[in-house]
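Structural description and commentary
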Amino acid sequence: MSRRYEWMVVLFAAIIFLSGIISPPSLMDDVDASQALIARNMLQSGDWVTARLDGVAFLDKAPLKYWVTAIFFSIFGIHDWVARIPSALSAIALCWVTFRFGRWAFSPKVGFYAGLFLSTCIGLFLFTRIVIPDVILTLSITVSLWAFLRALDGEEKHPRLWAYVMAASLAAGLLLKSLIGLVFPVGAAFLFLVFTRRVFDRQTWQRMYPFTGFLIFMAIAAPWHVLATIRNPPYFDFTMHAGPGQYHGFFWFYFINEQVLRFLNARYPRDYNTVPRLYFWLFHLVWLFPWSVYLPTLWRFGYKPVDRQGRARLLALCWIGFVMVFFTLSTTQEYYSMPIYPAVALLLGCGVAASEGAIRVGARVVSVVAGCAAIAICAILVSVWRLPTPGDISTALTQNTAAYTLSLGHMRDLTVKSFAYLRLPLVIAGIAFVIGAIGAWRLRGERALLAMAVMMVIFFQAARLALVTFEPYLSSRPIADALNRAPRGQLIIYGNHNAISSLLFYSEDKCLMLNGRYFNLEYGSYAPDAPPVFINDDDFARLWSRPERWYLALSDDDLSHVQKVVTRDRLHRVAAVGGKSLFSNLEIAPPSL
């Protein structure tokens, strides 16, 4: 039975996350393509210490995610689907580790439920559509806290091994997302020791093997931090002020500005937004759906550390509480809470496994929600079935930039007409909800849970197809395709690098940035070795009038400003897709027949 449960968890996770590799949408602008670009630059330049975008030092993030992606690029080639492999494999591994954690701490059934819930919840799917390190970070935190609990367990035969696993996982977390990867598991473990009154227990520290563990941790984590500091001087600067035009080296930016000042919401440049605290908490009802309907079961059992189950539940509670309180006091995005998903899944698995009645009540709630969703989809399909769909979906969307702080902020861009471009995803989503509504209502026990899981698997495939439809709007790949077909020339992009980063991934061109010295590359632009890639309006006007060919890629919203700098007759449009355009300073002759 345990082996069957294990394979089912892996199968569900593999179907969901590997489909994003087999048939992936294009890399999106902003962080999605930028992460892949940094990995490609590391591979091509041979500099695996300092992350760079267009030659400019990007000192914000730890490097392990870039290293892993670059290694996969070296094996399979530089493709968008390869950039998604680390996240997909990490998500599958995370679901499997959560199953093993639950099986060890509770029972095979609890482990199965925990792994199933984690693999099929909306949040893990949604936040692994972007090439960011958070799912790998969540895996490292989960492994480190499981190893911590096993090292302390009196029945564990190999506490030294698990203590070493914990040390290595903590080091990996530090190399994935800097101090967050260390603070979260250490903070949760410390709270656990406080509540179990084992902070000053000599046996606790003997089973942790702190000296050897510290050596393992330093051997893994220290070399990159030392090299990055040496290669990006000045070495040590502890000033607590950040401002434009100031460059204090890697150490200051990475530790003081990016960690301390960001926590205090005083980081410069302030190239991030923060989600309102109430939304940050309440949106977990969405991110954990459909399994969030079982959150009330968390009150059914005790958290006293009288046995292995009680200790595991208490650690999960400390784990959730520390992360959520930390971000409640700091700046945050919805996906920042991903590290709590395994802990919540473990507790939900306990609650559901303990009560057949709870499964039935939750399944009825999900059935009603799924039925309403299916009815709404049918109504939308009827209203748009005969609507024409000229061009791409961007022509039918609105823009509500104020809502983009939220992960689903682009949902407000949808119009009735835009659903005409999404007929196939809507049909598949409707089928998913019909299956979920019927299965959750008619089936009992574990079969009802499996019906809901199947609903989510099918729904995620619909969501993936919808992302492909949104490509012209969210990605600059069509502009890159036009640039690759056009005569050779030098590229200029307007504004911030992230705004059109997928163009650079798919065109493999270096570029100049017009009025783009702000946000994520501003700090690195003042480094002594920064390349001269930032230009102003006067520079642009001079370059655009020269006889060699230049290209300009920009959002259509910025076109009016450019037209004030150069005359319209010098702007020859090459392509226009998804609210973005590509211009040349020279006309391009049509292809001869």
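Being a predicted model, the structure only gives us computed values, none of them experimental.

1. Regarding a nonpolar patch on the surface
The grouping of V226, I230, Y235, F236 and F238 at the surface amounts to a nonpolar patch, some 550 Å² of accessible area in total. Mapped onto the elements, F238 comes out in the loop between helix 12 (210-231) and helix 13 (249-263). Given the relative accessible area of 55%, F238 is considered exposed.

2. Some points on the packing of helix 1 (residues 2-22) against helix 5 (residues 85-105)
At a closest axis distance of 9 Å, the pairing of helix 1 and helix 5 adopts a crossing angle of 160°. One element, helix 1, and the other, helix 5, form an angle in the roughly antiparallel class. Between helix 1 and helix 5 the crossing geometry is right-handed. Only I85, A88, L89, A91, I92, C95, W96, F99, R100 and R103 of helix 5 make contact with helix 1, whose side of the interface consists of S2, Y5, E6, V9, V10, A13, A14, F17, L18 and I21. Its residues placed into classes, the contact of helix 1 with helix 5 shows 16 nonpolar, one polar and three charged.

3. A closer look at the packing of aromatic side chains
By the definition in use, this model includes 43 aromatic pairs. An aromatic cluster is built from F127, F184, F263, Y279, F280, F283, W287, F322, F326, F327, Y335 and Y336, whose rings are joined through pairwise contacts. One Lys or Arg, R364, reaches over the ring of W441 and ends 4.1 Å from the middle of that ring. Looking at R423, its charged tip hangs above the ring of W385, at a distance of 6.0 Å from the centre.

4. Let's talk about the confidence of the model for the protein chain
For the protein chain, the average pLDDT comes to 93, and 97% of its residues sit at 70 or higher. Per-residue pLDDT, averaged within each element of the protein chain, yields its smallest value for helix 21 (residues 471-474) (88) and its largest for helix 6 (residues 108-119) (98).

5. Remarks on the side chain of S169
Examined against the element boundaries, S169 turns out to sit in helix 9 (residues 159-177). S169 sits in the buried class, given a relative accessible area of 9%. In this structure S169 touches S140, V143 and S144, once residues within four positions along its chain are discounted.

6. Observations regarding the pairing of strand 4 (residues 511-514)
In strand 4, alternate side chains face the same way, and those of C511 and M513 on one face and L512 and L514 on the other are all buried. Bridge analysis of strand 3 (residues 490-494) against strand 4 gives four bridges, and the strand direction is parallel. When the bridges of strand 4 are listed, I492 appears paired with L512. For the crossover from strand 3 across helix 23 (residues 501-507) to strand 4, the handedness is right-handed. Both strand 4 and strand 5 (residues 534-535) contribute to a ladder of two bridges, which runs parallel.

7. Overview of the packing of helix 9 against helix 10 (residues 180-195)
One can describe the packing of helix 9 onto helix 10 by two numbers: an axis separation of 6 Å at closest approach and a directional angle of 140°. By the angle class used here, helix 9 and helix 10 are oblique. On the side of helix 9, the interface is formed by L170, G173, L174 and K177, while helix 10 contributes I180, G181, L182, P185 and V186. Considered class by class, the residues forming the contact of helix 9 with helix 10 number six nonpolar, two polar and one charged.

8. A few points about helix 5
Given a rise of 1.5 Å per residue, 21 residues ought to cover 30 Å, and the 30 Å separating the end C-alpha atoms of helix 5 matches this to within 8%. Within helix 5, 16 of the 21 residues are buried, leaving the element largely enclosed by the surrounding structure.

9. Some details on the pattern of salt bridges
A full pass over the atoms with the stated rule returns 20 salt bridges. Residues R3 and E6 are paired through a salt bridge, measuring 3.3 Å at the closest nitrogen-oxygen approach. Taken together, the positions of R3 and E6, both in helix 1 and three residues apart, correspond to about one turn of that helix. Here R3 falls in the exposed class, since its relative accessible area comes to 56%. A network of salt bridges, in which partner residues are shared, links D60, K61, E258, R262 and R267.

10. Some points on unusual backbone geometry
Cis geometry is adopted by the peptide bond preceding P269, which originates at Y268 and carries an omega value of 0°. Take P269: it is sitting in the loop between helix 13 and helix 14 (277-282). Residues F289 and P290 are joined by a peptide bond in cis, for which omega reads 5°. Mapped onto the fold, P290 is located in the loop between helix 15 (284-287) and helix 16 (308-328). For N515, which is not glycine, the phi dihedral falls at a positive 50°. The topology assignment puts N515 in the loop between strand 4 and helix 24 (522-525).

11. Description of the state of the cysteines
On inspection of all chains with the given rule, the structure shows zero disulfides. In this model C350 remains outside any disulfide bridge; the closest cysteine sulfur is found in C318, 15 Å from its own. In this model C378 remains outside any disulfide bridge; the closest cysteine sulfur is found in C372, 12 Å from its own. The class of C378 is partly exposed, set by a relative accessible area of 48%.

Rules of the game
- Residues numbered from 1 in each chain as written.
- Predicted model: local features only at pLDDT ≥ 70, side-chain atom pairs only at ≥ 80, totals over all residues.
- Heavy atoms only, no water.
- Patch = residues over 30% accessible without salt bridge, like charges linked within 9 Å, V, L, I, M, F, W, Y side chains within 5 Å.
- Areas by Shrake-Rupley, 256 points an atom, 1.4 Å probe, with all protein chains shown as cover.
- Salt bridge = Lys/Arg side-chain N within 4 Å of Asp/Glu carboxyl O.
- Helix = DSSP H or I, 4+ residues; strand = E, 2+ residues; numbered from the N terminus.
- Buried < 20%, exposed > 50% of the residue type's maximum accessible area, 1.4 Å probe, protein only.
- Axes fitted to C-alpha atoms, helices over the stretch in contact; angles between N-to-C directions.
- Parallel < 35°, antiparallel > 145°, perpendicular 65-115°, else oblique.
- Left-handed = near helix turned anticlockwise from the far one by under 90°.
- Contact = heavy atoms within 4.5 Å.
- Nonpolar A, V, L, I, M, F, W, Y, C, P; charged D, E, K, R; others polar.
- Phe/Tyr/Trp six-rings, centres within 6.5 Å; stacked < 30°, edge-to-face > 60°.
- Lys NZ or Arg CZ within 6 Å of the ring centre and 35° of its normal.
- pLDDT = per-residue confidence, 0-100.
- Pairing = 2+ DSSP bridges.
- Right-handed = clockwise from strand over helix to strand, strands pointing away.
- Expected span 1.5 Å × (residues − 1).
- Disulfide = S-S within 2.5 Å.

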